[in-house]
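Geometric and topological summary
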Amino acid sequence: MINNGLFKVAKKLLIAVLLTGVLASLFMLQQETAAATPCVATTYKQGSKGTCVKRMQQIINASGAAKVTANGKFTSKTTSAVKAFQKKQKLSESGVVDASTWKALCTVKGAVPARIAVGCSVSAADKVVDLNVMTYNVLGSTAANSQILPWKVRKSGVLETIRTSGADIIGLQETHKTDKQVEALSKVDSKKYKVTAIGSSSNTYKNLILYNKETLTLKEKGTIKLLSAGKCGATTCKVRHANWAIFQHKASEKEIFFINTHLPSEDAGARAKVAQNLVKEINKRKGNRFVIVTGDFNSVGLTAAYPVGIMASAGFVDSGTLTTNKINAAYDSSNQFTDYEKEKKSGKHIDKIFLSKANSSASKWSLLLNTITVKDKKWPSSDHWPVQADVRFSY
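Predicted model, so just to flag it, every value in this text is computed and none were measured. (Residues numbered from 1 in each chain as written. Predicted model: local features only at pLDDT ≥ 70, side-chain atom pairs only at ≥ 80, totals over all residues. Heavy atoms only, no water.)

1. Focus: the sheet that holds strand S12 (residues 316-318)
The condition that has to hold: Two strands pair if DSSP finds at least two bridges between them. Numbered from the N terminus, helices here are DSSP runs of H or I no shorter than four residues, and strands are runs of E no shorter than two. Orientation is described by axes fitted as lines to C-alpha atoms, over the contacting stretch for helices, and by angles from 0 to 180 degrees between their N-to-C directions. The contact criterion used throughout is that any non-hydrogen atoms of two residues lie within 4.5 Å.
Pairing in this open sheet of six strands is mixed, and the strands run S6-S9-S10-S11-S14-S12 from one edge to the other. The strands lining the two open edges of the sheet, one partner per strand, are strand S6 (216-227) and S12. Adjacent strand axes in the sheet meet at a mean angle of 20° when their direction is disregarded. Along the sheet, helix H8 (residues 268-285) contacts S6, strand S9 (240-249), strand S10 (255-262), strand S11 (290-296) and S12; its crossing angle with S6, the most-contacted strand, is approximately 140°.

2. Remarks on the nonpolar core
Definition in use: Joining through side-chain atoms within 4.5 Å is the link that ties buried Ala, Val, Leu, Ile, Met, Phe, Trp, Tyr and Cys residues into a set, and such a set is a nonpolar core. To sort residues, take the accessible area from a 1.4 Å probe on protein chains only and compare it with the maximum for the residue type: under 20% means buried, over 50% means exposed, and anything in between is partly exposed.
Formed by 26 residues in total, the largest nonpolar core has its most connected members in Ile259, Leu278, Ile282, Val293 and Met311. When contributions to this core are tallied by element, the ones reaching two or more residues are S6, S9, S10, H8, S11 and helix H9 (307-313). With seven residues, H8 is the largest single contributor of residues to this core. Once you skip the residues sitting within four places of it in the chain, Leu278 turns out to touch Leu226, Ala242, Ile259, Thr261, Val293, Phe297 and Met311.

3. Some words on the environment of Gly72
As for its placement among the helices and strands, Gly72 is situated in the loop between helix H2 (51-63) and helix H3 (76-88). The class of Gly72 is buried, set by a relative accessible area of 4%. Sequence separation of Gly72 and Cys52 is 20 residues, and the distance between their C-alpha atoms is 7.2 Å. Discounting chain neighbours no more than four positions away, the residues touching Gly72 are Ser48, Lys49, Gly50, Val53, Lys54 and Gln57.

4. Looking at the pairing of strand S14 (residues 351-356)
By the criterion of burial, S14 is predominantly enclosed, with six of the six residues buried. Note that S11 and S14 share five bridges and pair antiparallel. The partner of Gly295 across the bridge, within S14, is Lys352. Across three bridges, the pairing between S12 and S14 is antiparallel. Residue pairing across strands places Asp318 opposite Phe354, the latter belonging to S14.

5. A look at the pattern of salt bridges
Pairing is possible between side chains that carry opposite charge, provided their charged atoms lie close to one another. Put simply, the rule is: The term salt bridge refers to a side-chain nitrogen of Lys or Arg lying within 4 Å of a carboxyl oxygen of Asp or Glu.
Under the criterion given, the structure shown has ten salt bridges. Between Arg163 and Glu160 there is a salt bridge; the shortest N-O distance is 3.5 Å. On the criterion of helical spacing, the pair formed by Arg163 and Glu160 is a turn pair, its members being three residues apart in helix H6 (residues 151-163). Under the relative-accessibility criterion, Arg163 is labelled partly exposed at 36%. Between Arg289 and Glu255 there is a salt bridge whose closest N-O contact spans 2.7 Å. A residue pair is termed long-range when its members are at least 10 positions apart, and Arg289 in the loop between H8 and S11 and Glu255 in strand S10 qualify at 34 residues. In this structure Glu255 comes out as partly exposed when scored by relative accessible area, which is 26%. One network of salt bridges, with partners in common, ties together Glu281, Lys284 and Arg285.

6. Considerations on the state of the cysteines
The following threshold applies: We call a pair of cysteine sulfur atoms a disulfide when they lie within 2.5 Å.
For the structure shown, the criterion picks out three disulfides. The partner cysteine of Cys39 in its disulfide is Cys52, sulfur to sulfur 1.9 Å. In this structure the cystine formed by Cys39 and Cys52 twists about its S-S bond by roughly -70°; its chirality is therefore left-handed. Here Cys39 is found in the loop between helix H1 (4-36) and H2, whereas its partner Cys52 is found in helix H2, with 13 residues between them in sequence. On the accessibility criterion, Cys39 (7% relative accessible area) is buried. Sulfur-sulfur distance for the disulfide between Cys106 and Cys120 comes to 2.0 Å.

Written out as structure tokens, the structure reads:
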């Protein structure tokens, strides 16, 4: 016989469970409907909150009309920012983000990810990652050629070249701890640049990566050994490393895999081996990211037996081949401290900026003929000229 009291309790519990399920389903439906509704189709005002509000705040910041913390909370400060934007756009200064305000927000330049997220129509021309990239073998302070012009003489010229370059990201090769060379380069412009991936290309050389903290955010970093020290061909090779980093491009929110290295000068076979290992390591880590490779490749050969050919076969393109807008391309990138005015101009460029081939382009490529004056004579600041390129990835 069923206990009447227990029956009533069970009945109440069953009803409670059913109601909970119904309410949960309604909540999920509401969430799905809200998610499916574009932000631009909804009106927001003081008291509103959420992702749409955060993205709207980001767009207002990009417009230059006002600055507000993009935290997803529509406070009185956001209302003031909206009014400032509306005033700039000659709209009614209501402080409410309505259809007309959304329409104006969608015309703002920049903040592309935010505009896409809220439901604005964005042209293909806006979906780009623009970067200025430099590769620069600065010549180690203990290298043989450094005896021609010591680091203490060249230091100001090298640092000034970096400071005035306007580069977003720089791969430096052959920096050395002696004479505080690494220290000086790491602190070249602390307000603009940060340094990462201080790994060695030999037991004392470092391949620094400098990046502009205003345009890029560091996500990950590391060092990879590409060649062990030992016999290679008829000679002996030094250990070779590559330093890598994953950056997020702030304007587009896209990620870039950047890697910087220095191939051996001692043996052609060793260079090819390092290039092959470099490609393998890039493929392990790049994912779906755009890729930039900088370095002193010590080679100009284009066939598959040479580093440049190996990189091309693997789907990477030399940025210098992507544009006809070339500055000082007639010079060799390795100048060997020859007389600036009399340098042989054969157009051989062993210093490279490679890009992942898909959806990449370059609008400008330059050899920077940075010089210093010593005893009334112009000298290069290093035995390599810096190579710089304005590159673009489309997505």
